[in-house]
Each structure stands twice: as structure tokens, then as C-alpha cells.
Amino acid sequence: MGSARANGGSAAGSVDTLVVEREGHGTIAVTGPDARAWLNGLVTCELGTLALGAGAWGLLLTKQGKIVTDFEVVVGASALFLSVAEPRRARLLEVLDRHLIMEDVELTDRSDELGWLVLHGARAAEVAREVALAHGAEAGAVDWTGRGGAAMVAPRASLSALLESLGARAVRRASPGEWEALRIECGVPEFGKDYDDGDKPHEASLERRAVAWGKGCYLGQEVVYMQDVRGRVRRRVSALALGGASPPARGASVIGPAGAEVGRVTSSAWSERLGQAVALAMMQTSALVPGAALTVDGAAARPLEPASSPAATRP
């Protein structure tokens, strides 16, 4: 893979606020008197205490604690709106529908009608609320990167007007390459690329970002809790800063001090802020020690410490 520098603008790590259009994401609306309590009993994020206009990043797991998909949720006036990557939309609907028994809840696929924008930066939540209010959209604070963030859901026909209003408030539209660099630098994994449905939250490095440790029971909770208590995680997605001139190809080997493979690159990009390539890799946890001599394609590599969500920290 060649060097993927962002085209113009400030470095991804130094801009105030960026907006990314969530192309390829579907929308599921959850409505009904029992909607919030029912969904809260299934997913890893805390929905019971979210106010109108709030948001969260969460996971739906199997009983065995494996990830079905990640999603964002925004609490709207008429529904809980879930954003999910298109390849996982049908699977999410299937699993949720299977757990509907006697609850007064309706699941509606509104993917054709509604689209999503996500904002990243210190002003993201404030600006998203202002613009959503002005345009009749829904928004909620969701922090993927540890630098602040928000999700906005609106009719697809309104997205251009929303982007224009955001631009008038000094929110810059990020290129796909710029967002890729930011998410990798911040250790934000992507389903189907950095992890999949064979992985658990700890392996995807999402246990401190998309899991609310203070909430009650949810699907797969016991497995997640026991893995955290025992600390037996043999591999996990980790962010690496690389000394090479170009981002390595997906699947490139991460070599440890003894010359053996200790991981494989799952995503890579060029970070303007760091002035070097960055990557996410599925790594053996035994290799993630301070000062470990790691290399990728012959270039030195060092682990980056990703941000965590304080709300997701286990007491």
C-alpha cells in the first residue's frame, strides 16, 4: 500500500473538528413503549440513563461473548436510531428480531430514508446539537477517538444542507484517507477489517470504549466480565507507529525480538500529525511490552496507547 497522505488542510490530529459522511451505513429505528429497556438488556452500552439527544457506541454480542456488530445509537424524539455498517445490517436486524418475545417494540429498517454524519473533535457535540436543531435532525454525543465526537442522523436529502451548515461553523469535511489516518492513530478498529464476528470485545480492543461496565445484564455480559477479571487475552487489536516511509500492506507481518511473527497488520495509513505511517494490527498480547523491538517490513514499530472512554472504565 502506498503512502496515503491527506490532501490539503491541517493534519488530522490537529484540526478542531472534522465531519465524515457515513456512506455504506444503514439505519434501524427502534420504537415502542418497551424499546429502551428491551434494547438496553441486549447491548453493551448504557441506554437506560441516556437523555433525549444523547448517543452511545455499543456492541451486540452472542451469548458466547463474540461480537455480532458494533453500532452507534442516538436517542431521538420518535425512536432510538441505530447506525450500522451495511454488511452487518441484516444480521443485526435478525438477531434483534429473534429476541423480541412479548415486548411492545417495533424494529424498522429506515436505511433508504436516513443517513449519518459523524463529527470528531472538541467542539463536535456542541456544533452537532446546534445544526441538528436548526435542520430538524437528531444528534448525540459519541466519542470514538477520545478527542470528542458526535453522530447525526437525518433524511438523506438533508445531508448536503447539514454539511453546508457545519462548514459555516468551521467544521471541515474529512477525506476518506484523513479519517482512516485519524481512526488508526487513535486505535479505533473497524468491523470486518481489524476484527470480525469471531472476536470478543477485549480482542477488538473495545472493552473500554464500547462497553459500559456499570450497567446491568446484557447478552454475553458474563463472558466479557470473566475475561476482564482473569486477564487472559492472548491477542488484541493494537495501534502501532511505524518508522517506514510508506504504510505497510494489509496482512504484513509484525516481527518480534526473536524474529518470529507476533501479529499481522489489519489497517494502515499515513499520519500527518506523527509524520510517519501508523497501523492497526492483531497482535499477540505477550509482544505488547514497553521497549519491545518490533518491526514491520524491516521498519521499527512501537505500540501507540489509544484513548479510552472514561464512561467505559470498569470500577
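Computed from a predicted structure; not experimentally measured. (Residues numbered from 1 in each chain as written. Predicted model: local features only at pLDDT ≥ 70, side-chain atom pairs only at ≥ 80, totals over all residues. Heavy atoms only, no water.)

Colleague: Report on the overall build of the protein, specifying residues and quantitative values.
Modeller: Across its full length, the protein carries six helices and 16 strands. Over its C-alpha atoms the protein spans a radius of gyration of 19 Å, differing by no more than 12% from the 20 Å that the globule rule assigns to 315 residues. Based on the C-alpha atoms only, the size of the protein along its principal axes is roughly 60 × 45 × 35 Å. Buried residues in the protein amount to 53% of all 315 residues. In the protein, once contacts between residues fewer than 6 apart in sequence are set aside, the share between residues at least 24 apart is 71%. Only carbon and sulfur atoms are counted for the fraction: they give 50% of the accessible area of the protein, which is about 13600 Å². Within the protein, the 37 negative side-chain charges are centred at a point lying 6 Å from the centre of the 33 positive side-chain charges. (Helix = DSSP H or I, 4+ residues; strand = E, 2+ residues; numbered from the N terminus. Rg over C-alpha atoms; globule rule 2.2 N^0.38 Å. Buried < 20%, exposed > 50% of the residue type's maximum accessible area, 1.4 Å probe, protein only. Contact = heavy atoms within 4.5 Å. Areas by Shrake-Rupley, 256 points an atom, 1.4 Å probe, with all protein chains shown as cover. Lys, Arg positive; Asp, Glu negative; His and termini not counted. Charge placed at Lys NZ, Arg CZ, Asp CG, Glu CD.)

Colleague: Quick rundown of unusual backbone geometry? Include the residues and the values.
Modeller: Phi at Ala 170 takes a positive value of approximately 65°, unusual for a residue other than glycine. Summarising the element assignment, Ala 170 is placed in the loop between helix H4 (159-168) and strand S10 (172-173). Judged by its relative accessible area of 57%, Ala 170 is exposed. Positive phi, close to 55°, is recorded for Asp 297, a residue that is not glycine. With respect to the element layout, Asp 297 can be found in the loop between strand S15 (294-296) and strand S16 (299-304). What makes Asp 297 exposed here is its relative accessible area of 61%.

Colleague: Which residues make up the sheet that holds strand S12 (residues 253-255), and what values do they have?
Modeller: As summarised here, the arrangement of the six strands in space is S11-S14-S13-S12-S15-S16, forming a closed barrel in which the pairing is antiparallel. Averaged over neighbouring strand pairs, the angle between their axes works out to 45° when direction is ignored. Relative to S15, S12 is paired through two bridges, and the arrangement is antiparallel. Each bridged residue has a counterpart across the sheet, and for Ile 255 the counterpart in S15 is Thr 295. Against the sheet, helix H5 (residues 176-185) engages strand S11 (235-242), strand S13 (261-271), strand S14 (276-284) and S16, with an angle of about 135° to S13. (Pairing = 2+ DSSP bridges. Axes fitted to C-alpha atoms, helices over the stretch in contact; angles between N-to-C directions.)

Colleague: Kindly report on the pattern of salt bridges, identifying the contributing residues and their values.
Modeller: Summed over the entire model, instances satisfying the criterion amount to 20 salt bridges. A salt bridge links Arg 91 to Glu 94, with the nearest nitrogen and oxygen atoms 3.3 Å apart. In this pair, Arg 91 and Glu 94 are both assigned in helix H2 (residues 86-98), three residues apart and thus about one turn of the helix distant. Judged by relative accessible area, which is 42%, Glu 94 ranks as partly exposed. The closest approach of N and O atoms between Arg 110 and Glu 113, which form a salt bridge, is 2.7 Å. (Salt bridge = Lys/Arg side-chain N within 4 Å of Asp/Glu carboxyl O.)

Colleague: Explain the pairing of strand S1 (residues 17-21) to me, and be specific about the residues and the numbers.
Modeller: Each regular strand displays side chains that alternate between the two surfaces of the sheet. With respect to burial, S1 is a largely interior element, four of its five residues being buried. As paired strands, S1 and strand S7 (residues 114-121) are joined by five bridges and run antiparallel to one another. The residue of S7 that forms the bridge with Glu 21 is Leu 117. For S1 and S10, the ladder comprises two bridges, and the chain directions are parallel. Directly across from Val 19, in S10, lies its bridge partner Arg 173.

Colleague: I'd like a description of the sheet that holds S1, backed by residues and values.
Modeller: Taking strand neighbours across the sheet as the criterion, the five strands line up as S8-S9-S7-S1-S10 in an open arrangement whose pairing is mixed. Whereas interior strands pair on both sides, the edge strands pair on one side only; in this sheet they are strand S8 (138-141) and S10. Bridge analysis of S8 against strand S9 (residues 149-155) gives four bridges, and the strand direction is antiparallel. Looking at the pairing, Ala 141 lines up with Ala 150 of S9. Relative to the sheet, H4 contacts S1, S7, S9 and S10, its axis offset from that of S7 by approximately 20°. The sheet strands contacting H5 are S1, S7 and S10, and the helix crosses S1 at an angle near 115°.

Colleague: So what's going on with the environment of Asp 197? Residues and values would help.
Modeller: Topologically, Asp 197 is positioned in the loop between H5 and helix H6 (221-230). On a C-alpha basis, the gap between Asp 197 and Thr 62 in space is 9.3 Å, while along the polypeptide they are 135 residues apart. When sequence neighbours within four positions are dropped, the list of residues in contact with Asp 197 reads Lys 66, Ile 67, Arg 88 and Phe 191.

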